[in-house]
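Examination of the molecular architecture
Chain by chain, the residues run as shown.
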There are 2 protein chains.
Amino acid sequence: MNIILLSGGSGKRLWPLSNDIRSKQFIKIFKNEDGSYESMVQRMYRHIKKLDADAKVTIATSKTQVSSINNQLGDEVGISVEPCRRDTFPAIVLATSYLTDVMKVDPNDPVVVCPVDPFVEDDYFEALRDLSNQADKGDTNLVLLGMEPTYPSEKYGYIIPESAEKLSNVKEFKEKPTVDMAKEFISQGALWNGGVFAYKPKYVLEKAHELIDFTDYYDLFSKYESLEKISFDYAVVEKESLIRVQRFSGKWKDLGTWNTLTEAMEESVIGNGQMNDNCSNVHILNEMNVPILAMGLHDVVISASPDGILVSDKEQSSYIKPFVDNFEQQVMFAEKSWGEYKVIDVGNHSMTINVSLNPGHRMNYHSHEKRDEVWVVTEGRGKTVIDGFEQNIKAGDVITMDAGCRHTVIADTKLVLIEIQLGDEISALDKYKYDFID
Amino acid sequence: MNIILLSGGSGKRLWPLSNDIRSKQFIKIFKNEDGSYESMVQRMYRHIKKLDADAKVTIATSKTQVSSINNQLGDEVGISVEPCRRDTFPAIVLATSYLTDVMKVDPNDPVVVCPVDPFVEDDYFEALRDLSNQADKGDTNLVLLGMEPTYPSEKYGYIIPESAEKLSNVKEFKEKPTVDMAKEFISQGALWNGGVFAYKPKYVLEKAHELIDFTDYYDLFSKYESLEKISFDYAVVEKESLIRVQRFSGKWKDLGTWNTLTEAMEESVIGNGQMNDNCSNVHILNEMNVPILAMGLHDVVISASPDGILVSDKEQSSYIKPFVDNFEQQVMFAEKSWGEYKVIDVGNHSMTINVSLNPGHRMNYHSHEKRDEVWVVTEGRGKTVIDGFEQNIKAGDVITMDAGCRHTVIADTKLVLIEIQLGDEISALDKYKYDFID
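What comes next is a walk through the structure. (Residues numbered from 1 in each chain as written. Chains lettered and ligands numbered in written order. Predicted model: local features only at pLDDT ≥ 70, side-chain atom pairs only at ≥ 80, totals over all residues. Heavy atoms only, no water.)

A separate point is the overall build of chain A. Of regular secondary structure, chain A possesses 10 helices and 30 strands. Radius of gyration (C-alpha) of chain A: 24 Å, near the 22 Å computed for a compact globule of 438 residues. Principal-axis analysis of the C-alpha atoms places the extent of chain A at approximately 70 × 60 × 40 Å. Scored against the burial criterion, the 438 residues of chain A give a buried share of 55%. Relative to all contacts within chain A whose residues are 6 or more apart in sequence, the contacts with residues 24 or more apart total 66%. For chain A, the accessible area works out to roughly 19,000 Å², and carbon and sulfur atoms hold 44% of it. Of the side-chain charges in chain A, 47 are positive and 69 negative, and the distance between the mean point of each set is 2 Å. (Helix = DSSP H or I, 4+ residues; strand = E, 2+ residues; numbered from the N terminus. Rg over C-alpha atoms; globule rule 2.2 N^0.38 Å. Buried < 20%, exposed > 50% of the residue type's maximum accessible area, 1.4 Å probe, protein only. Contact = heavy atoms within 4.5 Å. Areas by Shrake-Rupley, 256 points an atom, 1.4 Å probe, with all protein chains shown as cover. Lys, Arg positive; Asp, Glu negative; His and termini not counted. Charge placed at Lys NZ, Arg CZ, Asp CG, Glu CD.)

Shown next, in the form of structure tokens:
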């Protein structure tokens, strides 16, 4: 099976666990059998591989997510990076040509496209396989998955099928409606359009060549910025007559707010947290290393990260965005392809960071113009390269780097550093990368 | 006026802002005219000095509070340090002999004793002056302040006066009663015994010599540990017949739980915090440098420090102690005589600390057996002494210290360091102090 997972933009609705860098799909909230936690991305990927160990998975995403994806899924997964945001039609075309031109998928092999972030169970992945098989038959150009509505949502577009059969021709598409309209659609047997569909690459690439002048993936990538912003629904789906919808009645939930996210959590506490017996319907998600104690609360979510602390009535939690937009704040933690970092102290002319590198990984070779840096190794072994000079390092070693000096660190084992940045203008933008020959 | 402020032990009822080192009276929660915040100790001291700029204030306290007192009140204030805990009679005798033998107060000059932590207003300090004047007259041995009860509390002992006059002889003392008994006492005109009283040192020292064999302050201090634990009420107050009570009807509140403390706060937010319009009776006290956002909460206190985060219904907040006792946690922040420190990162074999020294202050000259340390200066100027070798330091300097090496730092300006402690056994107990000759 070929799958394109659409991994959408960052958001602040799950602040402080999501931020400008970390989208909600990377928050680790689902407990594994071994007691560790996995994110929506990891959960989705694991389920796909469980159903079909040979599945070719490509994640269509923006540049900012590549580090997190590599950190959470490893280097094996295919990533189709959008050079910039150009809506779903260009993104799906880019990912499809990535599949055929880079991953060498046969243009007649079916592809399933689905968003990475709904909360689903095993039956969903079986439905994806059915969808892929339907597309493989070749008697339709597009097969959509239509979710049986559980309430008259205003958030989704609706698909009106011709029949109530499992597989039906599509009679009509409806834009996101009002609640009253949604009720009316549902009484007519309408299904939610969740943006899940299957097709043969050949079909989508033909549509693409009608609208875009390009030769192959590499050519498309290079002119991506000049493409028109247009949705796949508008450019393709709504104009297609050879189109069917496959009905799906299993669990399919958007975990876009704290209210819905906590409903999907198996436990009430993730991280260091406790509550007394007088709490009901309380969830604690704590990514800080200090304890949280909740007493006598009801219907409340408490969520803490180095970015901040949210304490919210669950219903009200969907209204946090304008508040969070007002926090003038830099990102205090992030996953990188080589590991992760966390800001632990902000001074008037300094910033102190806990930097953790995974074994075998290394930072980019880089320099800063306006700050000096000091590394104190607190755990592990590896080596540094400072202005071309290589040096083995271990816990206890101190490395000082003046502004302008080129530096990197390579982890042999898991390697933890305390990095102290010193300067009057400390900015994430003050970073210059260089090629590095090992 | 001579005042002995009893500054009692640490407590966890105001966790996470109070801990094993910081007692509630040192939490800065009262807003000053200049926008900064002051603690109960600072507020009490400021009010006393406002009423009587020449007041001699002595704080009777334990060793653990000396640094905080010096940090918050400066070096001028008298401190009578109890070498260990021996209940109120030995503590008051020690402080009284400190007044006469160290501060050279005339044994016939009246002294007022009062706890440092009730929340009071200007009229209270006027009442203290009246109390002192009454004691000065010499026609009674003890004059107590009796607070007019606002509810039938089980927390206080009660004083039954002979009359309803402002000054009355004491008819009887009653131990902490049940609510029903308290109601009965109040109907008889009883007053709360808040542990506020005045006397002439000569009187208390005579009583002391009857029970304890000692010559002066220094002798008493040296044998303090051998003294019997006995309360001042039991040893003196309840046996005295020449005793009066002065009625007080002003504000006098114990701020011992989050519920009562937040009632005394003028603002609903201290530190970095925001709440939406759907919050009511919510207080945020944030000593961390990340924002707190509260949404749709009612009757809740949110309190955060490097020790942890409390989110509690206000009524329930009085029951936190057993939970907090269960947190196996070291103290993550503290005031010292020279400034303050805050743990910012805990690793497997390391601990990273933000150390801030006040201008002109310095640490003890000390060493550690089982850890190396690295200092990175992030702000200010000063000097270090490492194994006797003196060196000027400024922002950007890095100082490495192996285990066993003696070191100190002296601040010329405000001086901020990031201290990285490195070792397999990092403990606050691993500290050896040495004399240091400048």
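Let us now look at the relation of the copies chain A and chain B. For the pair chain A and chain B, the superposition axis carries a translation of 0.0 Å, the fit reaches an RMSD of 0.1 Å, and the rotation angle comes to 180°. On this basis, the relationship between the two copies can be described by a two-fold rotation axis. Residue Ile344(A) of chain A places its C-alpha closer to the rotation axis than any other residue of that unit, at 2.9 Å. When the interface residues of chain A are mapped onto chain B, 100% of them again fall at the interface, so both copies present the same face. (Least-squares fit on C-alpha atoms with pLDDT ≥ 70 in both.)

Attention now moves to the state of the cysteines. Per the counting criterion, the structure on display carries zero disulfides over all chains. Cysteine Cys279(A) shares no disulfide, and the gap to the nearest cysteine sulfur, in Cys279(B), comes to 17 Å. Judged by relative accessible area, which is 14%, Cys279(A) ranks as buried. (Disulfide = S-S within 2.5 Å.)

Counted under the stated rule, the structure contains 32 aromatic pairs over all chains. Consider the rings of Tyr217(A) and Phe221(A), whose centres lie 6.0 Å apart with planes at 45°: the pair is tilted. You can see Tyr217(A) and its partner Phe221(A) sitting in helix H7 (residues 217–222), four residues apart, about one turn around the helix. Judged by relative accessible area, which is 9%, Tyr217(A) ranks as buried. Given the relative accessible area of 34%, Phe221(A) is considered partly exposed. The interplanar angle of 35° and the centroid separation of 6.3 Å between the aromatic rings of Tyr199(B) and Phe232(B) together place this pair among those described as tilted. Here Tyr199(B), found in strand E11 (residues 191–199), pairs with Phe232(B), found in helix H8 (residues 232–235); they are 33 residues apart in sequence, far enough to count as distant. Across this residue pair, the class does not change: Tyr199(B) and Phe232(B) are buried. Each member of the aromatic cluster is reached from another via a ring pair, and the members are Phe89(A), Phe197(A), Tyr199(A) and Phe232(A). The ring centre of Phe30(A) lies 5.2 Å from the NZ or CZ of Arg43(A), which sits over that ring. When the ring centre of Tyr234(A) is taken as origin, the NZ or CZ atom of Lys239(A), which lies over that ring, is 4.7 Å away. (Phe/Tyr/Trp six-rings, centres within 6.5 Å; stacked < 30°, edge-to-face > 60°. Lys NZ or Arg CZ within 6 Å of the ring centre and 35° of its normal.)

Further remarks concern the pairing of strand E28 (residues 407–411) of chain A. Residue and element names in this part refer to chain A. Within E28, five of the five residues are buried, which leaves it mostly tucked inside the rest of the structure. Residues of E28 alternate between two faces, with His407, Val409 and Ala411 on one and Thr408 and Ile410 on the opposite face, all of them buried. Pairing of strand E25 (residues 381–386) with E28 involves five bridges; the strand directions are antiparallel. Residue pairing in the sheet places Thr384 in a bridge with Val409 of E28. (Pairing = 2+ DSSP bridges.)

This part takes up the side chain of Asp313(B). The topology assignment puts Asp313(B) in strand E19 (residues 308–313). The residues touching Asp313(B), leaving out its near neighbours within four places in the chain, are Met295(A), Gly296(A), Leu297(A), Asp299(B) and Val300(B).

Turning to helix H6 (residues 201–211) of chain A, a few remarks are in order. Residues Pro201(A), Tyr203(A), Val204(A), Leu205(A) and Ala208(A) constitute the buried set of H6(A). In this structure, the buried side of H6(A) is in contact with helix H3 (88–101), strand E6 (111–115), strand E8 (142–147), strand E11 (191–199) and helix H8 (232–235) of chain A.

To find the voids left in a structure, one rolls a probe of water-molecule size over its atoms. Under the criterion given, the structure shown has three cavities of 30 Å³ or more. Considering only enclosed or pocket space, the largest cavity measures out at about 380 Å³ in volume. Taken together, 22 residues make up the lining of the largest cavity; nearest its centre are Met288(A), Asn289(A), Ile344(A), Met288(B) and Ile344(B). When residues of the lining of the largest cavity are traced back to their parent elements, those giving at least two are strand E21 (339–346) of chain A together with strand E21 (339–346) of chain B. By residue class, the composition of the lining of the largest cavity is 14 nonpolar, two polar and six charged. (1 Å grid on protein atoms, 1.4 Å probe; cavity = no way out; pocket = protein on both sides within 12 Å on 5 of 7 lines; lining within 4 Å. Points joined across faces, edges and corners; volume = space filled by probe spheres on them. Nonpolar A, V, L, I, M, F, W, Y, C, P; charged D, E, K, R; others polar.)

The next point concerns the environment of Lys28(A). Residues and elements named next belong to chain A. Looking at the element boundaries, Lys28 is found in the loop between strand E1 (2–6) and strand E2 (30–31). Along the backbone, Lys28 and Val105 are 77 residues apart, and their C-alpha atoms lie at a distance of 32 Å. Those residues in contact with Lys28 that lie beyond four places of it in its chain are Tyr37, Glu38, Ser39, Gln42, Gln72 and Ile270.

What follows concerns the nonpolar core. Here is a general trend for soluble globular proteins: nonpolar side chains tend to be buried in one another's company. All names here are of chain B. Within the largest apolar cluster, 40 residues are counted, with the highest numbers of intra-cluster contacts made by Ile4, Phe89, Leu142, Leu144, Tyr199 and Phe232. It is helix H3 (residues 88–101) that contributes the most residues to this core, eight residues altogether. Dropping the residues within four chain positions of it, Phe232 is found in contact with Thr88, Phe89, Ile92, Leu142, Phe197, Val204 and Val237. (Core = buried A, V, L, I, M, F, W, Y, C linked by side-chain atoms within 4.5 Å.)

Let us now look at the pairing of E25(A). Counting buried positions along E25(A) yields five of six residues, so the element is predominantly enclosed. Between E25(A) and strand E26 (residues 389–394) of chain A, which pair antiparallel and follow one another directly, the connecting turn spans two residues, one of which, Asp387(A), has a positive phi of 45°.

Our focus in this paragraph is the sheet that holds strand E14 (residues 269–270) of chain A. On the basis of which strands lie adjacent, the open sheet formed by six strands has the order E14(A)-E16(A)-E18(A)-E19(A)-E17(B)-E15(B) and mixed pairing. Of all the strands in the sheet, the pair left with one neighbour each is E14 of chain A together with strand E15 (273–275) of chain B. Relative to strand E19 (residues 308–313) of chain A, strand E18 (residues 298–305) of chain A runs antiparallel, the two sharing six bridges. Within the sheet, the bridge partner assigned to Ser303(A) lies in E19(A) and is Leu310(A).

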